[in-house]
Amino acid sequence: MMSTAYAWLTRSFDVQGVIVSLRRTLRSTIPHASHLDPDPDEPQHPFDRTHHVDTGGLFYPDQLNSGHQHDMHSAGYYATAPSLFRGAIALWQKTCAATGYRLNDYAFIDIGCGKGRVLMLASEYPFRQVLGVELHPELAGVAQANLRHWLRHKRACRDVLALNTDALSVAIPDGPVVLYLFNSFEQQIVIGLLTRLAAISERRSAPIDLIYIHPEFDTLVRQCPRMELLADQDIAFTPEDTAADVFGVEVDRCSLYRLPGLLRA
Ligand SMILES: C[S@@+](CC[C@H](N)C(=O)[O-])C[C@H]1O[C@@H](n2cnc3c(N)ncnc32)[C@H](O)[C@@H]1O
């Protein structure tokens, strides 16, 4: 199995450091170019080419300084492959029958939404609401601009929003919620998020589901009180997504969890 972009992102900094620094220096000399623009040397992702949006780029944590105290726990930016997202949603949908709720009863929240590719993909399903939270203001701004363009066309869900806020301060809406997490941050914030979800679930009846992609801190999730493991499966990329992936990733893992509400409905 090929290593994922995320693993590479954390491992390869030393090896690639010199090249990356050089590229960054060169990019910073281009007038008006944002340092969060995609690398002009990398081919545009087919999703961006087709929909005329910008969700590209691989950005290291040290490029994402927002001034927030949680910057130091960020894992950087890289967007989910569309085929991985759709595979994860298909897997999760199979688990919904057990709850008595349907997909359109759920609010979808991308925790660390970056440039908003997952928000756009989620809006192709009839979720009750699609919400993204992003710590870095410039990334959140790109997500908002993408959504303005995206929502000019008919979408299954039109209540789609990207907020510039920290994962630990987002208000979890009432009713069934599904959280999407693709390695946004390190252990400390994962623990903070799980602690908060466990407390919130004691005061509600509806479930909080978790779609966890490349679940690096799976052990922590499994230790969370009342958390139920629903599935744990590899999801294959389409050849198009593998070709577009900076590391040629062919498959990634997805774990699904459900935190039932403690109150009676
Ligand atoms: C690996 S990217 C995933 C982007 C998107 N969810 C996707 O799958 O396409 C993780 C994102 O989480 C953001 N992030 C990191 N720490 C965060 C925090 N404490 N609160 C909100 N967002 C955070 C990063 O800035 C980055 O954009």
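Give a description of the site of the ligand that names residues and reports values.
Around the ligand, the structure places 26 residues, and the nearest of them are Thr80, Gly112, Gly114, Ala167 and Ser184. Of all the secondary-structure elements, those providing two or more residues to the shell around the ligand are α5 (117-122) and β2 (129-134). Tallied by class, residues from the shell around the ligand come to 14 nonpolar, eight polar and four charged.

If you had to explain the sheet that holds strand β4 (residues 177-182) to someone new, which residues and values would you point to?
In spatial order, the strands read β3-β2-β1-β4-β5-β7-β6; together these seven strands make up an open sheet with mixed pairing. What marks the edges here is a single partner per strand, and that holds for β3 (160-164) and β6 (228-236). Averaged over all neighbouring strand pairs, the angle between strand axes comes to 20 degrees, with direction disregarded. Pairing of β6 with strand β7 (residues 251-259), which is carried by eight bridges, proceeds in the antiparallel orientation. Bridging from a neighbouring strand, Ala231 pairs with Leu256 of β7.

Kindly report on the nonpolar core, identifying the contributing residues and their values.
Core analysis: the largest hydrophobic core is formed by 63 residues, its most contacted members being Phe108, Leu119, Leu179, Tyr180 and Ile211. In this structure Leu119 touches Asp110, Cys113, Val130, Gly132, Ala143, Leu147, Val160 and Ala162, once residues within four positions along its chain are discounted.

I'd like a rundown of the environment of Val178, residues and numbers included.
Note on placement: Val178 falls in strand β4. Taking the number of C-beta atoms within 10 Å as the measure of exposure, Val178 has 23 and is therefore buried. Sequence separation of Val178 and Ile211 is 33 residues, and the distance between their C-alpha atoms is 7.1 Å. Apart from the residues lying within four places of it in its own chain, the contact partners of Val178 are Trp92, Tyr106, Phe108, Asp209 and Ile211.

With reference to specific residues and values, describe unusual backbone geometry.
Unlike most non-glycine residues, His214 shows phi in positive territory, near 45 degrees. Within the fold, His214 resides in the loop between β5 (208-213) and α8 (218-223). One non-glycine residue, Arg226, lies in the positive phi region at around 70 degrees.

The rules we used
Residues numbered from 1 in each chain as written. Predicted model: local features only at pLDDT ≥ 70, side-chain atom pairs only at ≥ 80, totals over all residues. Near = placed C-beta within 6 Å. Helix = DSSP H or I, 4+ residues; strand = E, 2+ residues; numbered from the N terminus. Nonpolar A, V, L, I, M, F, W, Y, C, P; charged D, E, K, R; others polar. Pairing = 2+ DSSP bridges. Axes fitted to C-alpha atoms, helices over the stretch in contact; angles between N-to-C directions. Core = buried A, V, L, I, M, F, W, Y, C linked by C-beta atoms within 7 Å. Buried ≥ 20, exposed ≤ 12 C-beta atoms within 10 Å, placed from the backbone. Contact = placed C-beta atoms within 7 Å.

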